[in-house]
Amino acid sequence: MNLKESQIIKVAIDVPVDDLFDYRCSDQVDIGQFVVVPFGSRKLIGIVVEVDVNTTLPLNKIKEVIRVDEESLFNTELFKLFRFVASYYQYPIGQTIHTAVPSRIKQGVTRGKKKNYIFHASNNLSHEVIHGFPKNQKNLIRIATQLLSQPMTETALKKMSNWKKHIEHLINHDLATQVEITPEAPQHSAPLILNSEQSNIVEQIKKTKGFEAFLIHGITGSGKTEVYMHLIDSLIKNEGQVLVMVPEINLTPQLEDRFQSRFHTKKIVSLHSHLSQPDRLENWRLAKSGEAQIVIGTRLSVFTPFKNLTAILMDEEHDMSFKQQDNLRYHARDVGMMRAKLLNIPFIAGSATPSMEIWHRAVNEKKLKLLSLTKRANEDATLPRVDLIKTGQDLDEPLSTYLKDAIQHRLDQQQQVLIFINRRGFAPVLFCSSCGWQADCNRCSSKLVVHKNKQQLRCHHCDYQRTIDSSCQECGNVDLMTLGKGTQKIEEQLARLFPSARIKRVDRDTIKNKKDLDQLYADMHDHKLDILVGTQMLSKGHDFPQLTLVGILDADHALYSSDFRASERLFSQLVQVAGRSGRASIKGEVVIETNFPEHPLYKKIQSQDFNGFAKEELQLRKELHFPPFVMQAMLKTESKNKKYLEEFVTQCFQFMSNLPSKVTCFPPVRPYLERLQGFERSHIYMQSNNRTELNHFLSQLRSFISAMKISSRVKWVIDVDPVDF
Ligand code: ADP
Ligand code: ZN
Ligand code: ZN
């Protein structure tokens, strides 16, 4: 073979190695294309990152690419982003790039969604023509005859064997035509006339040229979505595209419908984990080709290739699901902002309860422009009144008399009620009152949750499940008790108290897909339901005009959490849930049951004063040296073997303590869940005032660990800007 004719290319491969790999390639190839390469004894998919490079390796050591695919996946803009992300999050470049490759392509399948067609007879087809068909072609004759009377879909055709061959024959002979079926455009809903706060925001953002970051802080129901839509309208002129990032799970279907009816002639696609792989690949390609002008996606969509991206929007910025919790632990907000900067386009985040990180950057550091919506957009709607009520002390009566009366009152007025309790199942603990035994998970350091309707105990951390014990495993006592409450227990209680009310439980056990969720919205809007009982699934984005009372149960545990973000989360969650109440003209009410009605955090939630909360919270974080005033990183480790784990973290900590650096390291600690899915866990925290220094420190740590013998026996990961502990 003539080595001169081929060039050397650098390829990203999905392996935990920091470098790109050199290959020879004699075909025409460009940056971003994907290739199949030999790797050891395997064949792997790689992404071409550089072409025509010089190599330091001897030419005969460099292997030849097996195959070059036509499709180019990424452009140079995205490679810049990948390099930034790999370095910031301390993750191998090959694996970083592969995170962004649609899984279907990774599996080597490049086929996207199958298109749906309807088949028509052409003018050339007639009974005479059909008479001329060979008599033994029964199905061909049947298909042609039916087409003459009416068009046929694939579903109708599938009833006949070999239909594909026959249809192809008819089409090839100009006797039939096929037309792609596209979903009907929904009814157009006209833009609303913005109020002055809204239009002020739209004007300010529209004025920007190039990169600028904005934070829209708008109370619940203040019309943020309407603002986004007005912005999008101007951003997609001249073939522009926008990316709208939304939290995982429930927001997508409703929001998508709302966008589709506003922009009913535009192509809008979504990208999230509930799509089938072919659909996801198809939508990803529509974004890449520029056909889809509006892309609504969850965190991973931040890496989607676009032809002409003009802005990145992020709704519900505070949502935890924007941070990936395994492998490449990126935060879509920070990556999104970086991408907007690289592309020189605006970045716009919105929330009723922004994260302390973004708030600090906007208010104190002025890195984002803060824009506020202070009133509910619907003129008749106001924020609900919030009452703090002492929790009832009777264990068998989970609801206070006050809340019971309030529910009865709303039901009497034909209004709807939402009861929020952020724990699914019946009760979180099964307990023996004679010896104190509790049912634990064997694989995690956690209690098993009682699921009464399935008569099961389940671990919510590892999905272990078994039948409920009929007696105590320690002393044989058959009188076991359940402690605490979950959605099932509250549902049971409400059914007893309000026998004629139509009650629906909403949690991961009852809502499994978009269909369930759509049904729930429809039933709420048609007033086929009176009371919803559910978890945080209910805290987001829903607009139910007849919902006027929200009851919040059992939220106190956040007050004694060791996580410094617990108050921020509680504030945000309760304000979001409370915001579901009174979105139309009837004044809403929120009842929070707590053992600490005087607690300052609840007082702030009561007044729904985000600015006041944020000011004090940030002051506290500053005094205690917590983010956003310092930068944090964590070395998270786990192993089935406790001895290896301890040896590993001890060596790591020793190395870190001896590194000459201003990064502060804290001795290894066991996290709240010491054992998870059979793995013992240990964490080492680091913090610094300087991002570059922290980054440098982490890469030294990473090289050290990679060279350790024991590191193969321990699972480890570096989490930069961690949010769960
Ligand atoms: P947010 O996203 O801030 O929670 P939404 O955009 O969902 O708020 O708006 C809340 C409600 O107010 C929706 O029913 C919406 O149709 C309505 N709304 C928004 N803007 C206006 C406006 N300018 N005039 C009238 N109604 C509006
Ligand atoms: Zn016992
Ligand atoms: Zn478990």
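Look up: the structure comes first, before these words.
Criteria and thresholds
- Residues numbered from 1 in each chain as written.
- Chains lettered and ligands numbered in written order.
- Predicted model: local features only at pLDDT ≥ 70, side-chain atom pairs only at ≥ 80, totals over all residues.
- Heavy atoms only, no water.
- Helix = DSSP H or I, 4+ residues; strand = E, 2+ residues; numbered from the N terminus.
- Rg over C-alpha atoms; globule rule 2.2 N^0.38 Å.
- Buried < 20%, exposed > 50% of the residue type's maximum accessible area, 1.4 Å probe, protein only.
- Contact = heavy atoms within 4.5 Å.
- Areas by Shrake-Rupley, 256 points an atom, 1.4 Å probe, with all protein chains shown as cover.
- Donors = N, O, S within 2.8 Å, 3.2 Å for Na, K, Ca; no water.
- Tetrahedral: all angles 85-135°; square planar, octahedral: opposite > 155°, others 65-115°.
- 1 Å grid on protein atoms, 1.4 Å probe; cavity = no way out; pocket = protein on both sides within 12 Å on 5 of 7 lines; lining within 4 Å.
- Points joined across faces, edges and corners; volume = space filled by probe spheres on them.
- Nonpolar A, V, L, I, M, F, W, Y, C, P; charged D, E, K, R; others polar.
- Pairing = 2+ DSSP bridges.
- Axes fitted to C-alpha atoms, helices over the stretch in contact; angles between N-to-C directions.
- Near = heavy atom within 4 Å.
- Polar contact = N/O pair within 3.5 Å; in protein donor to acceptor, adjacent residues only side chain to side chain.
- Sits in = over half its atoms within 2 Å of the grid points.
- Parallel < 35°, antiparallel > 145°, perpendicular 65-115°, else oblique.
- Salt bridge = Lys/Arg side-chain N within 4 Å of Asp/Glu carboxyl O.

Peer 1: Got a minute to help me understand the overall build of the chain in this structure?
Peer 2: Of the regular secondary structure elements, the chain holds 21 helices and 31 strands. Computed over C-alpha atoms, the radius of gyration of the chain comes to 29 Å, within 12% of the 27 Å expected from 2.2 N^0.38 for 725 residues, which places it in the range of a compact globule. Along the longest, intermediate and shortest principal axes, the C-alpha atoms of the chain span 85 × 70 × 65 Å. Among the 725 residues that make up the chain, the fraction classed as buried is 54%. Counting only contacts in the chain whose residues sit at least 6 apart along the sequence, the fraction spanning at least 24 positions is 74%. Of the accessible surface of the chain, which amounts to about 34,200 Å², a share of 49% is contributed by carbon and sulfur atoms.

Peer 1: How do you make sense of the coordination of the zinc ion (ligand 2) when you look at a structure like this?
Peer 2: Where a metal carries four tetrahedral donors, each ideal angle is 109.5 degrees; where it carries six octahedral donors, the ideal angles are 90 or 180 degrees. Taken together, C432 (SG), C435 (SG), C472 (SG) and C475 (SG) make up the full set of protein donors to the zinc ion (ligand 2), lying 2.2 to 2.4 Å away. Geometry at the zinc ion (ligand 2) is tetrahedral, judged from the 4 donor atoms that bind it and their angles of 103 to 114 degrees at the metal. Mapped onto the sequence, the residues coordinating the zinc ion (ligand 2) show the spacing C-x2-C-x36-C-x2-C. Of this pair, C435 sits in the loop between β18 (429-432) and β19 (449-451) while C475 sits in the loop between β21 (465-467) and β22 (480-483), and the two are 40 residues apart along the sequence.

Peer 1: What am I meant to see in the layout of surface pockets here?
Peer 2: Rolling a probe over the atoms, with the probe sized like a water molecule, indicates the empty space that remains. Considering only enclosed or pocket space, the second largest pocket measures out at about 890 Å³ in volume. G223, T225, R258, D543 and R583 are the residues nearest the centre of the second largest pocket, which is lined by 38 residues in total. Contributing elements (two or more residues each) for the lining of the second largest pocket: α9 (224-235) and α10 (251-262). The biggest single contributor to the lining of the second largest pocket is α10, with 6 residues. In terms of residue class, the lining of the second largest pocket is made up of 14 nonpolar, 14 polar and 10 charged.

Peer 1: Whenever I open this one, the sheet that holds strand β24 (residues 531-534) confuses me. Can you help?
Peer 2: Backbone-to-backbone hydrogen bonds join strands into a sheet, with any given pair of strands oriented parallel or antiparallel. Taking strand neighbours across the sheet as the criterion, the 6 strands line up as β16-β26-β25-β17-β24-β23 in an open arrangement whose pairing is parallel. The open sheet is flanked by β16 (385-390) and β23 (503-506), the only strands paired with a single partner. Averaged over all adjacent pairs, the angle separating strand axes in this sheet is 20 degrees, with direction ignored. Direction of pairing for strand β17 (residues 416-420) relative to strand β25 (residues 547-552): parallel, over a ladder of 5 bridges. The partner of F420 across the bridge, within β25, is I552. In the packing of helix α18 (residues 600-607) onto the sheet, the strands contacted are β16 and β26 (589-594), and the crossing angle to β16 comes to about 150 degrees.

Peer 1: Would you explain the site of ligand 1 in this entry?
Peer 2: Taken together, the neighbourhood of ligand 1 is formed by 17 residues, with I193, Q198, G221, K224 and T225 sitting nearest. One of the backbone N or O atoms of G223 is found 3.0 Å from an oxygen atom in ligand 1. Between ligand 1 and T225, the relevant distance is 2.8 Å, taken from an oxygen atom to a side-chain nitrogen or oxygen of the residue. Computed on the free molecule, ligand 1 has an accessible area of 560 Å², of which 76% lies beneath the protein chains in the complex. Judged by the proximity of its atoms to the pocket grid, ligand 1 belongs to the second largest pocket. Broken down by element, the residue count for the shell around ligand 1 peaks at 3 residues, all from α9. Grouping the amino acids of the shell around ligand 1 by side-chain chemistry returns 5 nonpolar, 7 polar and 5 charged.

Peer 1: Please explain the coordination of the zinc ion (ligand 3) as it appears in this structure.
Peer 2: Coordination sphere of the zinc ion (ligand 3), protein contribution only: C441 (SG), C444 (SG), C459 (SG) and C462 (SG), at 2.2 to 2.4 Å. Expressed as a motif, the donor residue spacing for the zinc ion (ligand 3) is C-x2-C-x14-C-x2-C. Note that C441 is positioned in the loop between β18 and β19 and C459 in the loop between β20 (456-458) and β21, a separation of 18 residues in sequence. By the burial criterion, C441 is buried, and C459 matches it.

Peer 1: So what exactly am I meant to see when it comes to the packing of helix α13 (residues 356-363) against helix α19 (residues 610-624) here?
Peer 2: At a minimum axis distance of 11 Å, the contact between α13 and α19 shows a crossing angle of 95 degrees. With respect to α19, the element α13 is oriented roughly perpendicular. Of the residues in α19, those touching α13 at M356, W359 and H360 are F610, N611, F613, A614, E617, L618 and R621. For the contact of α13 with α19, a count of residues per class yields 6 nonpolar, 2 polar and 2 charged.

Peer 1: Help me understand the side chain of E680, please; the structure alone is not making it clear to me.
Peer 2: Here E680 is to be found in strand β30 (residues 679-688). A polar contact of 2.6 Å, which involves the side chain of E680, links it to the side chain of R670. Those residues in contact with E680, other than ones at most four positions away along the chain, are T637, E638, S639, K640, K642, L645, R670, E674 and R675.

Peer 1: What's the story with unusual backbone geometry in this structure? I'm lost.
Peer 2: Omega for the bond connecting P627 with P628 falls within 30 degrees of zero, at 10 degrees, which places this linkage in the cis form. For P628, the position within the fold is in the loop between α19 and β27 (631-639). Positive phi, normally seen in glycine, also occurs at Q90, with a value near 55 degrees. With a phi close to 60 degrees, N344 is a non-glycine residue in the positive phi region. Following the sequence through the fold, N344 ends up in the loop between α12 (332-343) and β14 (347-351). Since its relative accessible area comes to 49%, N344 is described here as partly exposed.

Peer 1: It is not clear to me how the environment of P134 should be interpreted in this structure. Could you clarify?
Peer 2: Topologically, P134 is positioned in the loop between α4 (127-131) and α5 (138-149). Overall, P134 belongs to the partly exposed group, its relative accessible area being 46%. Put simply, P134 and L73 are 61 residues apart on the chain and 48 Å apart in space, counted from C-alpha to C-alpha.

Peer 1: Help me understand empty space enclosed by the protein in this model?
Peer 2: Here the structure, examined in full by the defined rule, presents 1 cavity of 30 Å³ or more. Roughly 30 Å³ of volume is contained in the largest cavity. What lines the largest cavity is Y88, R691, L694, N695, L698 and V720. For the lining of the largest cavity, the element with the highest residue contribution is helix α21 (residues 691-707), accounting for 4 residues. Residue classes in the lining of the largest cavity are distributed as 4 nonpolar, 1 polar and 1 charged.

Peer 1: What is the right way to look at the sheet that holds strand β11 (residues 268-271) in this model?
Peer 2: A sheet is described by the order of its strands in space; here 7 strands give the open sequence β11-β12-β10-β13-β14-β9-β15, paired in parallel fashion. With partners counted over all chains shown, the strands left at the sheet margins are β11 and β15 (369-373), one partner each. Going from strand to strand, the sheet's axes swing by 20 degrees on average, the running direction of each strand aside.

Peer 1: Help me understand the side chain of E589 in this model?
Peer 2: With respect to the secondary-structure elements, E589 resides in strand β26. Contact partners of E589, with chain neighbours within four places excluded, come to P384, R385, D387, Y402, A406, R410, T548, L549, V550 and S581.

Peer 1: So what exactly am I meant to see when it comes to the pattern of salt bridges here?
Peer 2: Pairs can form between side chains of opposite charge whenever their charged atoms are close. Using the criterion set out here, one finds 39 salt bridges in the structure. As a salt-bridge pair, D509 and R458 come within 3.5 Å of each other at their nearest N and O atoms. Of the two residues, D509 sits in the loop between β23 and α16 (514-525) while R458 sits in strand β20, which places them 51 residues apart along the sequence. As far as the burial class goes, D509 and R458 line up, both buried. The residue K715 makes a salt bridge to E638 at a minimum N-O spacing of 3.5 Å. Taken as a pair, K715 in strand β31 (residues 715-720) and E638 in strand β27 lie far apart in primary sequence, 77 residues in all. What emerges from the salt-bridge pattern is a single network uniting K323, R329, K636, D719 and D724.

Just geometry here; none of it tells us what the structure is for.
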